[in-house]
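The chain contents come next:
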Amino acid sequence: MGRSLTDRVAVVEGDITAQHVDAIVNAANESLLGGGGVDGAIHRAAGPGLPGECRRLGGCKTGEAKITAGYNLPARFVIHTVGPRWRGGDHGEDALLASCYTSSLRLAEEHGVRTIAFPAISTGAFGFPLPRAAAIAVRTVFDHLSRSDAISQVTFVCHGERAFLLFKDAVDELAGECTRTAGRGGNCTGLQGDVQEAVREQVRAQVQVIEIVYGIRFVEGERLTGEIASKCSDRECADIATSALNSWVALSGASGDVEVPPEVLARILDRASKRAAHQNDTGQGGEGTCP
Ligand code: APR
């Protein structure tokens, strides 16, 4: 029996550069060439080797993540992610912030990372309200850990007591929700309603991130979300479908108002449901499918 979700998430107050974990996450900017706050602290502690490797990465889009070595840091890796700048809350900031955590966790798993530490991404220079960011960060991490055992420990490293208390409360609240629903077969990720609603919510957020990252708008985006959510009965399928949709948008060079051809969507959904079923049968992870 694996460790419980709540045993795999910790909140500490301190300096992320001092964490003895496999990977620490940097709250970077799109240039990846350093800055103040966490970014400055990590670059100072890592030493002169880090900027060179960062320069070779060619930047990073908001909501995405890239990885480098840790150099003089105790951590083997640094995962650089770029959080959203707060612009009032109706420019997809929530989805982009969630995507920072999801992208970082996926990248960590691809590199065999077992323990990872996050700062409170976007809550400093980028101005994201701390309570809202804490709730999104904790929920996104719980959601990921509920579907994958690859990472054994996530630590939120907070600067200052207020951040610590807010993250601690967010974890305790979700842990409580897990305890309340676990006996009744509830999903232990703190998402409202049943799994189907949780899948729809996940698909909607991921479709939103694709629109923001590529600067497009899906024609009838809500219908597209509904079609994916209705065909995918679980998160694995939804994950595969939306990453295949992301690939199609990138490869097709789509711009402006984008209509996904029915035959492309049908192929994405068919393969996603088959691949997810295979994963569930064999318990093996799999890559997103290209349409
Ligand atoms: N360890 C842990 N947390 C830290 C540390 C540290 N050493 N230093 C700062 N923090 C906290 C801040 O208090 C804040 O809560 O990290 C959170 C994120 O703040 P920022 O570092 O300002 O990051 P962000 O808000 O995402 O802004 C990113 O700032 O440093 C520049 O290059 C960076 O342009 C980018 C922008």
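Scroll up to find the structure.
Residues numbered from 1 in each chain as written. Predicted model: local features only at pLDDT ≥ 70, side-chain atom pairs only at ≥ 80, totals over all residues. Heavy atoms only, no water.

Visitor: I'm lost on the overall build of the chain in this one. Help?
Guide: Counting secondary structure elements, the chain contains nine helices and eight strands. Here the chain, with 291 residues, has 50% of them falling under the buried criterion. Counted over contacts in the chain with a minimum sequence separation of 6, partners at least 24 positions apart contribute 70%. Accessible area for the chain stands at about 13,100 Å²; split by element, carbon and sulfur atoms hold 50% of it. (Helix = DSSP H or I, 4+ residues; strand = E, 2+ residues; numbered from the N terminus. Buried < 20%, exposed > 50% of the residue type's maximum accessible area, 1.4 Å probe, protein only. Contact = heavy atoms within 4.5 Å. Areas by Shrake-Rupley, 256 points an atom, 1.4 Å probe, with all protein chains shown as cover.)

Visitor: Explain the packing of helix H1 (residues 37–46) against helix H2 (residues 49–57) here, please?
Guide: For any two helices packed against each other, one specifies the crossing angle of their axes together with the interaxial distance. At their nearest, the axes of H1 and H2 sit 7 Å apart, and the two run at 120 degrees to each other. Relative to H2, the element H1 is oriented oblique. Taken together, the residues of H2 that come into contact with H1 (itself represented by Ile42, His43 and Ala46) are Leu50, Pro51 and Cys54. (Axes fitted to C-alpha atoms, helices over the stretch in contact; angles between N-to-C directions. Parallel < 35°, antiparallel > 145°, perpendicular 65-115°, else oblique.)

Visitor: Mind showing me how you'd approach the site of the ligand here?
Guide: Every one of the 21 residues lining the ligand counts as a neighbour, but Gly36, Val38, Asp39, Thr123 and Gly124 are closest to it. Contact between the ligand and Ser122: an oxygen atom at 2.9 Å from a main-chain N or O atom of the residue. Among the secondary structure elements, those contributing two or more residues to the shell around the ligand are strand S2 (23–28) and H1. With four residues, H1 is the largest single contributor of residues to the shell around the ligand. (Near = heavy atom within 4 Å. Polar contact = N/O pair within 3.5 Å; in protein donor to acceptor, adjacent residues only side chain to side chain.)

Visitor: How do you make sense of the state of the cysteines when you look at a structure like this?
Guide: Linking two cysteines covalently via their sulfur atoms produces the bond known as a disulfide. In this structure the tally under the stated criterion is one disulfide. The disulfide bridge from Cys232 ends at Cys237, spanning 2.1 Å between sulfur atoms. Taking the torsion about the S-S bond as the criterion, the Cys232 to Cys237 disulfide, at about -55 degrees, is left-handed. Take Cys232: its relative accessible area is 0%, and that puts it in the buried class. (Disulfide = S-S within 2.5 Å.)

Visitor: Looking at this model, I keep getting lost on helix H4 (residues 130–147). Mind explaining?
Guide: Structural remark: α-helix, 3.6 residues per turn; residues separated by three or four positions point the same way. When the terminal C-alpha atoms of H4 are compared, their 26 Å separation across 18 residues agrees well with the 26 Å that a helix rising 1.5 Å per residue should span. Looking only at H4, the buried set comprises Leu130, Ala133, Ala134, Ile136, Ala137, Val138, Thr140, Val141, Phe142, Asp143, His144 and Leu145. (Expected span 1.5 Å × (residues − 1).)

Visitor: In this structure, what is going on with the pattern of salt bridges? I would like to understand it.
Guide: Opposite charge on two side chains permits pairing when their charged atoms draw close. Per the stated rule, a full pass over the model turns up 11 salt bridges. Here Arg106 ties to Asp239 by a salt bridge, and the two come within 2.8 Å at their closest N and O atoms. Of this pair, Arg106 sits in helix H3 (residues 93–110) while Asp239 sits in helix H8 (residues 235–252); the two residues are 133 residues apart in sequence, bridging distant segments of the chain. A relative accessible area of 32% means that Arg106 is categorised as partly exposed. (Salt bridge = Lys/Arg side-chain N within 4 Å of Asp/Glu carboxyl O.)

Visitor: Sorry, what's going on with H3 here?
Guide: Between the first and last C-alpha of H3 there are 26 Å, a value that for 18 residues agrees with the 26 Å anticipated at 1.5 Å per step. Where burial is concerned, most of H3 is hidden: 14 out of the 18 residues are buried. Just downstream of H3 lies Gly112, where phi reads positive at about 70 degrees.

Visitor: Would you mind going over the sheet that holds S2 with me for this structure?
Guide: The pairing of strands in a sheet comes from backbone hydrogen bonds and takes either a parallel or an antiparallel form. One open sheet holds the six strands; their spatial order is S1-S6-S5-S2-S4-S3, and the pairing between them is mixed. A single partner strand is all that each edge strand has here, and the edge strands are strand S1 (9–13) and strand S3 (65–69). Adjacent strand axes in the sheet meet at a mean angle of 25 degrees, parallel and antiparallel pairs treated alike. With two bridges joining them, S2 and strand S5 (residues 115–118) adopt parallel strand pairing. By the bridge assignment for S5, Ile24 is matched with Ala117. Across the sheet, H4 is in contact with S1, S5 and strand S6 (153–158); its angle to S6 comes to roughly 170 degrees. (Pairing = 2+ DSSP bridges.)

Visitor: Please clarify how the packing of H3 against H4 should be interpreted in this entry.
Guide: Taken N-terminus to C-terminus, the directions of H3 and H4 make an angle of 40 degrees; their axes are 9 Å apart at the nearest point. The way H3 lies across H4 gives a crossing that is right-handed. Contacts between H3 and H4 pair Asp94, Leu97, Ala98, Tyr101, Thr102, Leu105, Arg106 and Glu109 from the former with Arg132, Ala133, Ile136, Ala137, Thr140, Val141 and His144 from the latter. Residue classes in the contact of H3 with H4 are distributed as eight nonpolar, three polar and four charged. (Left-handed = near helix turned anticlockwise from the far one by under 90°. Nonpolar A, V, L, I, M, F, W, Y, C, P; charged D, E, K, R; others polar.)

Visitor: What should I look at first to understand the nonpolar core in this one?
Guide: It is characteristic of soluble globular proteins that their nonpolar side chains tend to be buried jointly. Residues Ile79, Ile116, Phe118, Val141, Phe156 and Phe167 are the most contacted members of the largest nonpolar core, which totals 40 residues. Leaving out residues up to four positions away in the same chain, Phe156 has contacts with Val9, Ala10, Val11, Val12, Tyr101, Phe118, Ala137, Val138, Val141 and Phe167. Counting residues in each nonpolar core, the second largest holds 26 residues, with Val207, Ala229, Val258 and Ala272 among its members. (Core = buried A, V, L, I, M, F, W, Y, C linked by side-chain atoms within 4.5 Å.)

Visitor: Is there a simple way to think about the side chain of Gln153 in this case?
Guide: Mapping Gln153 onto the fold places it in strand S6. Leave out the neighbours within four places in its chain, and Gln153 touches Arg3, Asp7, Arg8, Val9, Ala10, Arg114, Thr115 and Ile116.

Visitor: Help me out: how do you make sense of the packing of aromatic side chains in this one?
Guide: To describe a pair of aromatic rings, one takes the distance between the centres and the angle between the planes. Scanning the entire structure with this criterion turns up five aromatic pairs. Cluster of aromatic residues (ring-pair linked, three or more members): Tyr101, Phe118, Phe156 and Phe167. (Phe/Tyr/Trp six-rings, centres within 6.5 Å; stacked < 30°, edge-to-face > 60°.)

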